[in-house]
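Residue-level structural notes
Here is how the chains run, residue by residue.
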Amino acid sequence: MASRVAGKFLSTGPWHRQHYFQRLYQARALTTSRCSLRSSVVQPRLTTHYTQNPREQDPRWAEVSMERESYPADVVIVGGGPAGMSAAIRLAQLAQQAQKETTIVVLEKATEIGQHTLSGACLETRALDELLPDWKDRGAPIHNPVTHDKFALLTETRRIPIPILPGMPMYNMGNHIVRLGHVVSWLGTQAEELGVEVYPGQPAAELLYNEDGSLKGVATADSGVAKDGSPKPTFQRGMEFHAKCTIFAEGCHGHLAKQLYERYNLRNDCQPQTYGIGLKELWQVPKENHKPGTVEHTVGWPLNKNTYGGSFLYHLEDGGESLVALGLVMGLDYTNPYISPFRELQRFKHHPSIETTLRGGSRLQYGARALNEGGMQSLPKLTFPGGCLVGCSPGFMNVPKIKGTHCAMKSAMLAAESVFESITQNEDAISVDPVQYETRIRDSWVWKELYAARNVRASFHSPLGLYGGLLYTGIFYIFLRGKEPWTLKHPGRDSDRLKPAKENSPIDYPKPDGEISFDLLTSVSLTNTNHDHDQPPHLTLYDDQVPVEKNLAIYAGPEGRYCPAGVYEFVPVESGDGERLQINAQNCIHCKTCDIKCPSQNINWVVPEPGGGPAYNGM
């Protein structure tokens, strides 16, 4: 009975999970001493964040003023990535054309625009061509056209080439290899030149609502809160940004978007989203190993046939440097709790066809982020009273292409047109619902592209795994362009896919050699991530006891392996009896993998204080 009740609450939203875990904790306090030694370990208090420990109930906050200043705008955009900046630019263009004064605000959590952006990236410029046709004359940092395109199936020691023809998802001729963070920074400059107010270092932390239930805007994060949840002398309240329409461009698995899904029932008519994790390194390699303009993708090793994923390796030049961007993307629906995506990447680099490129080079940067893989059938309802979702937040990614930037940008441009139209037609309204955005999306090339590719990811769930997916892609995507009269379903949430540790064997990963492969903490240092240590961990838990009592006991503590930054680790308790979870929140690189993959759905990622996170340079 307990497992059925748990399943009921875990399948619902964060509010239900929080109250379920509170009741579970109360019930646990009444149990007898029949628990195992591991379960009897009392986990020290980990979660001190106000989202789980309301300040209204904390006497330390009784005399602290919680008033916020507010700023009125016509449109607020949450997230300054490719989608957010595209929405801002398109809105400013429309306002300029209509000679209508429009206040457009972009809130970005990174301290500099582009610092939290990470992608391969092999850019298809279709959306950019529409948004800024003269991007070359404007000095866009896009100067590495694809000249060679390769695709292969890897075994542990061999590389089997697969021909790439026009129409195949991996066909990249005509695209450009870019450092996407630099492109986003440039887009930010274009937005500011058009009059957009861009505020970096301002993470949107809370949703605000009007009395009629429509979205009023967002509030940015507070600062000056101690790790134990108490106010410091330097405490500063965040600021409220009010708008007739708020556009959410948070990126994959945004923490505010999760609340919007539940508040407005946006996911009622779609399949569960499924995700992947992308890990990337940027290398400088010897010139004799460098092939400018070459794009390589592989499937197969080091992943088994039932673990979805593949690799990329792009040769680019920047500032006279011979650079290689490489990485591994793997689906988060894997079943073995002993898998470590980070260590799979390190192992991958030792393949004979990869190591020869890297040998003699030096690694410059490392990073990771989650990405949406559900495709068309996992897209939620996009609009609601007072706002809409764009880009990778709802999941505009073409999975077989491993590309989302062009679709994300176009979705944001269409949203901007719809928002501007709604505001113009309803000047006296306190909020607008840009419902025409849904129609514009379905009439666009974005929808056509996602519809054609809708079954590719789902086809890998057959017993044939990789080989079944390749066969399906060859028949129905390449030759029929997705015209089959059915839409395949995903098996469910990624968090439900892990099997108990006792049903799997630990993986014996090779030790890093310090030249091609590296340890995790050395890698995290290359992200330049930073968070003030004396603040409540932004990796919040609904119940501090669940990591030991469930995740460790049943799944051997998978959070210590699926996190690509060493945030979670199980360490011996001081008494020597068992283990406890330690959260190294300062290591977090904002990938959201923990929030997605936790088998108990006990982790809720929220934004940290302003200024926190990685500081990527053109990743």
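Residues numbered from 1 in each chain as written. Predicted model: local features only at pLDDT ≥ 70, side-chain atom pairs only at ≥ 80, totals over all residues. Heavy atoms only, no water.

Here the focus is the nonpolar core. Of all hydrophobic cores here, the largest spans 72 residues; its most connected members are W283, L326, L358, L539, V567, Y568 and I583. A per-element tally of this core places strand β18 (residues 321-331) first, with seven residues. Here L539 is in contact with V567, Y568, I583, A585, C588, C594, N604 and W605, once residues within four sequence places are set aside. By size, the runner-up hydrophobic cluster in this structure holds 59 residues, among which are I77, L91, A408 and A415. (Core = buried A, V, L, I, M, F, W, Y, C linked by side-chain atoms within 4.5 Å. Buried < 20%, exposed > 50% of the residue type's maximum accessible area, 1.4 Å probe, protein only. Helix = DSSP H or I, 4+ residues; strand = E, 2+ residues; numbered from the N terminus. Contact = heavy atoms within 4.5 Å.)

Turning to the pairing of β18, a few remarks are in order. Across the eleven residues of β18, ten count as buried, placing the element largely inside the fold. Examined bridge by bridge, strand β15 (residues 275-284) and β18 share nine bridges and lie antiparallel to one another. Its bridge partner being in β18, K280 is matched across the sheet by G327. Sheet topology places strand β17 (residues 309-318) next to β18; ten bridges connect them, and they run antiparallel. Its bridge partner lying in β18, Y314 is registered against A325. (Pairing = 2+ DSSP bridges.)

Considering all chains together, one arrives at 29 salt bridges under this definition. A salt bridge links E206 to R68, with the shortest nitrogen-to-oxygen separation between them at 2.8 Å. Linking E206 in strand β9 (residues 204-209) with R68 in the loop between α3 (37-40) and β1 (70-72), this pair joins segments that are 138 residues apart in sequence. Judged by relative accessible area, which is 18%, R68 ranks as buried. Between R440 and E421 there is a salt bridge; the shortest N-O distance is 2.9 Å. On the criterion of sequence distance, the pair formed by R440 in helix α11 (residues 436-442) and E421 in helix α10 (residues 405-425) is long-range, its members being 19 residues apart. Taking relative accessible area as the criterion, R440 reaches 24% and is therefore assigned partly exposed. Relative accessible area serves as the criterion here: at 28%, E421 is assigned to the partly exposed category. Each of R90, E417, E421 and R440 takes part in a single network of salt bridges with overlapping partners. (Salt bridge = Lys/Arg side-chain N within 4 Å of Asp/Glu carboxyl O.)

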